[in-house]
Amino acid sequence: MKLAILSRAPQAYSTVRLQAAAQERGHQVRILNTLRFAIDLTGDEPDLQYRGKLLSDYDAILPRIGNSITYFGTAVVRQFEQMDVYTPNTSSGITNSRDKLRATQILSRHDIAMPATTFVHNRADVEMAIERVGGAPVVIKLLEGTQGIGVILAPDTQVAKAIIETLHSTKQNVLIQSFISESKGRDIRALVVGDRVVAAMRRVAVGDEFRSNVHRGGNVEAVELTPEYHRAAVRAAQIMGLRVAGVDMLEGNDGPLVMEVNSSPGLEGIERATGLDVAGAIIDYIANQVAFPEIDVRQRLSVSTGYGVAEIVVHSDAEFVGKQLGESGLGEKDITVLTLHRGSSVVPNPNRRTVLEANDRLLCFGKLEEMRDMIPARRRRRAKVRKLPPQPIVED
């Protein structure tokens with residue numbers, strides 16, 4: 001395999017370890033400065049220039065995109081995707097994970113447990129937002145902070161309002177998040193590669209510090225994850241479109257609470273805490289997947305006129321609840337079911353004998369007109385029944 005590691009820090013521990021692990025396994029590997037690429041859109045085929053010359057062929061890339069160059073870095077990764085070069089982390093996955101609000105929105109759509117979170121813009125809405133997450137103390141987070149920077153614990157509502165108003169005055173966008181007291185000063189970092197956690201550690205803050213990041217001086221120890229924590233970490237990474245990720249979780253009273261999904265996790269802390277060859281596991285995974293580059297399925301399947309990809313929800317009153325997929329009539333309408341989502345489980349390429357249940361979600365490819373007719377009108381939020389006012393009828 002010929003591998004390119006996209007990194008501006010060739011001497012960083014993680015970069016050096018990944019390069020060494022690839023070389024030990026007999027792969028060709030180069031570290032390429034992400035900012036020295038030029039995206040070439042002049043020809044018939046997508047291409048890249050590197051340091052002013054046409055880039056040679058690569059089988060795979062491993063993006064290590066710094067937060068400060070997310071826009072350009074993901075554009076380079078996207079160009080590699082267009083060239084059918086394998087990447088374990090897609091450009092969209094990296095972009096989504098970098099924006100804390102966007103990541104939270106995506107994960108909440110898939111029933112991933114997280115601390116209660118709100119996002120407001122107007123100062124008049126701040127106090128109500130604090131109440132919605134359970135009241136003070138609250139955690140205030142900058143949307144694009146890293147390594148614990150831009151994360152503040154506000155002990156009471158007045159302090160929280162003052163901090164948020166100050167940050168808003170400097171054009172900063174912030175999240176307001178509930179403070180998980182039972183997990184104060186500690187969290188779990190799970191290193192996900194593919195569909196498994198290859199290593200995990202608990203990070204513990206020093207003294208009164210509530211942030212447990214290694215860069216903030218936190219201590220680390222190896223930890224064996226329960227199936228519940230393992231499942232939450234893998235699902236969160238996969239939902240974000242990342243095959244190599246560091247998933248940070250708080251230890252809540254009711255189980256894991258996903259806090260963040262990192263697309264360029266550092267390896268030094270977790271390798272030293274666990275004694276495991278995490279870099280080697282990443283390289284092995286890439287080598288096994290290199291023949292299957294990530295593709296934009298919706299983009300590829302939507303080029304045929306009148307055909308596309310859509311999700312069909314099986315509502316409780318749908319006519320094919322309780323029927324086998326082969327009896328649903330979808331095939332006769334030229335609709336193919338690609339995956340079936342049932343709760344938190346996913347059934348890829350379900351067979352004709354699969355019995356459909358209420359609330360199943362079917363990712364389908366087929367005639368858009370046929371699928372459009374099967375999607376019911378959007379449900380409206382049911383209005384709550386309010387209490388009568390003190391004077392229900394105002395007399396003249």
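Residues numbered from 1 in each chain as written. Predicted model: local features only at pLDDT ≥ 70, side-chain atom pairs only at ≥ 80, totals over all residues. Heavy atoms only, no water.

Novice: So what's going on with the packing of helix H3 (residues 91-98) against helix H4 (residues 100-109)? Which residues, and what values?
Specialist: The contact between H3 and H4 brings their axes to 5 Å, and the two run at 110°. In terms of their interaxial angle, H3 and H4 are classed as roughly perpendicular. Residue-level inspection shows Thr95, Asn96, Ser97 and Arg98 of H3 in contact with H4, the latter providing Lys100, Arg102, Ala103 and Ile106. In terms of residue class, the contact of H3 with H4 is built from two nonpolar, three polar and three charged. (Axes fitted to C-alpha atoms, helices over the stretch in contact; angles between N-to-C directions. Helix = DSSP H or I, 4+ residues; strand = E, 2+ residues; numbered from the N terminus. Parallel < 35°, antiparallel > 145°, perpendicular 65-115°, else oblique. Contact = heavy atoms within 4.5 Å. Nonpolar A, V, L, I, M, F, W, Y, C, P; charged D, E, K, R; others polar.)

Novice: For the packing of helix H2 (residues 70-82) against H3, give the residues involved together with the corresponding values.
Specialist: Close contact between H2 and H3 brings their axes to 8 Å; oriented N to C, the two are set at 160°. Overall, the two elements H2 and H3 adopt an arrangement that is roughly antiparallel. Contacts between H2 and H3 involve Thr70, Thr74, Val77, Arg78 and Glu81 from the first element and Ser91, Ile94, Thr95 and Arg98 from the second. Residue composition of the contact of H2 with H3, grouped by class: two nonpolar, four polar and three charged.

Novice: An account of the packing of aromatic side chains is needed here, citing residue identities and associated values.
Specialist: Per the stated rule, a full pass over the model turns up three aromatic pairs. Relative to Tyr50, the ring of Phe37 has its centre 4.9 Å away and its plane inclined at 50°; by these criteria the two rings are tilted. Taken together, the positions of Phe37 in strand S3 (residues 37-40) and Tyr50 in strand S4 (residues 47-50) put the pair 13 residues apart, joining distant regions of the chain. Just as Phe37 is buried, Tyr50 falls in that class too. (Phe/Tyr/Trp six-rings, centres within 6.5 Å; stacked < 30°, edge-to-face > 60°. Buried < 20%, exposed > 50% of the residue type's maximum accessible area, 1.4 Å probe, protein only.)

Novice: Tell me about the pairing of strand S19 (residues 361-367), and please be specific about residues and values.
Specialist: A regular strand carries its side chains on alternate faces of the sheet. Across seven bridges, the pairing between strand S16 (residues 307-313) and S19 is antiparallel. Within S19, the position partnered with Val313 by the bridge is Arg361. Pairing of strand S17 (residues 335-342) with S19 involves six bridges; the strand directions are antiparallel. In the sheet register, Thr336 faces S19, and the bridge partner there is Phe365. (Pairing = 2+ DSSP bridges.)

Novice: Could you give me a rundown of the sheet that holds S19, with the residues and numbers involved?
Specialist: Here we have four strands laid out as an open sheet, ordered S16-S19-S17-S18, and antiparallel in their pairing. Two strands in the sheet have a free side with no partner beyond their single neighbour: S16 and strand S18 (345-348). Adjacent strand axes in the sheet meet at a mean angle of 20° when their direction is disregarded. Pairing geometry for S17 and S18, over four bridges, is antiparallel.

Novice: For the side chain of Asp99, give the residues involved together with the corresponding values.
Specialist: Locating Asp99 in the fold gives a position in the loop between H3 and H4. The buried charged residue Asp99 lacks any salt bridge, with Arg102 as its nearest oppositely charged partner at 4.4 Å. At a separation of 3.0 Å, a polar atom in the side chain of Asp99 contacts the main-chain amide nitrogen of Leu101. (Lys, Arg positive; Asp, Glu negative; His and termini not counted. Salt bridge = Lys/Arg side-chain N within 4 Å of Asp/Glu carboxyl O. Polar contact = N/O pair within 3.5 Å; in protein donor to acceptor, adjacent residues only side chain to side chain.)

Novice: Which residues make up unusual backbone geometry, and what values do they have?
Specialist: For the peptide bond that leads from Ala136 to Pro137, omega is 0°, which places it in the cis range. Considering the arrangement of structural elements, one finds Pro137 in the loop between helix H5 (126-132) and strand S8 (138-142). Positive phi values are uncommon outside glycine, yet Arg51 reaches one of about 50°. Along the polypeptide, Arg51 turns up in the loop between S4 and strand S5 (53-54). Given the relative accessible area of 47%, Arg51 is considered partly exposed. Positive phi, normally seen in glycine, also occurs at Asp84, with a value near 60°. With respect to the helices, strands and loops of the structure, Asp84 is situated in the loop between H2 and H3. For Asp84, a relative accessible area of 42% corresponds to the partly exposed category.

Novice: Tell me what's going on with the pattern of salt bridges, and back it up with residues and numbers.
Specialist: Under the counting rule described, the total for this entry stands at 19 salt bridges. A salt bridge links Glu311 to Arg109, with the shortest nitrogen-to-oxygen separation between them at 3.6 Å. With Glu311 in strand S16 and Arg109 in helix H4, this pair connects stretches of sequence that are 202 residues apart. Look at Arg109 and you get partly exposed, because its relative accessible area is 48%. The salt bridge partner of Arg202 is Glu221, with a shortest N-O separation of 3.1 Å. Here the residue Arg202 occupies a position in strand S12 (residues 196-204), and Glu221 occupies one in strand S13 (residues 219-222), the gap between them amounting to 19 residues.

Novice: Explain the sheet that holds S13 to me, and be specific about the residues and the numbers.
Specialist: Taking strand neighbours across the sheet as the criterion, the five strands line up as S13-S12-S11-S14-S15 in an open arrangement whose pairing is antiparallel. Bordering the open sheet on either side are S13 and strand S15 (255-262), each of which pairs with just one other strand. Strand-to-strand, the axes of this sheet are offset by a mean angle of 30°, without reference to chain direction. Sheet topology places S12 next to S13; four bridges connect them, and they run antiparallel. Residue pairing in the sheet places Arg203 in a bridge with Val220 of S13.

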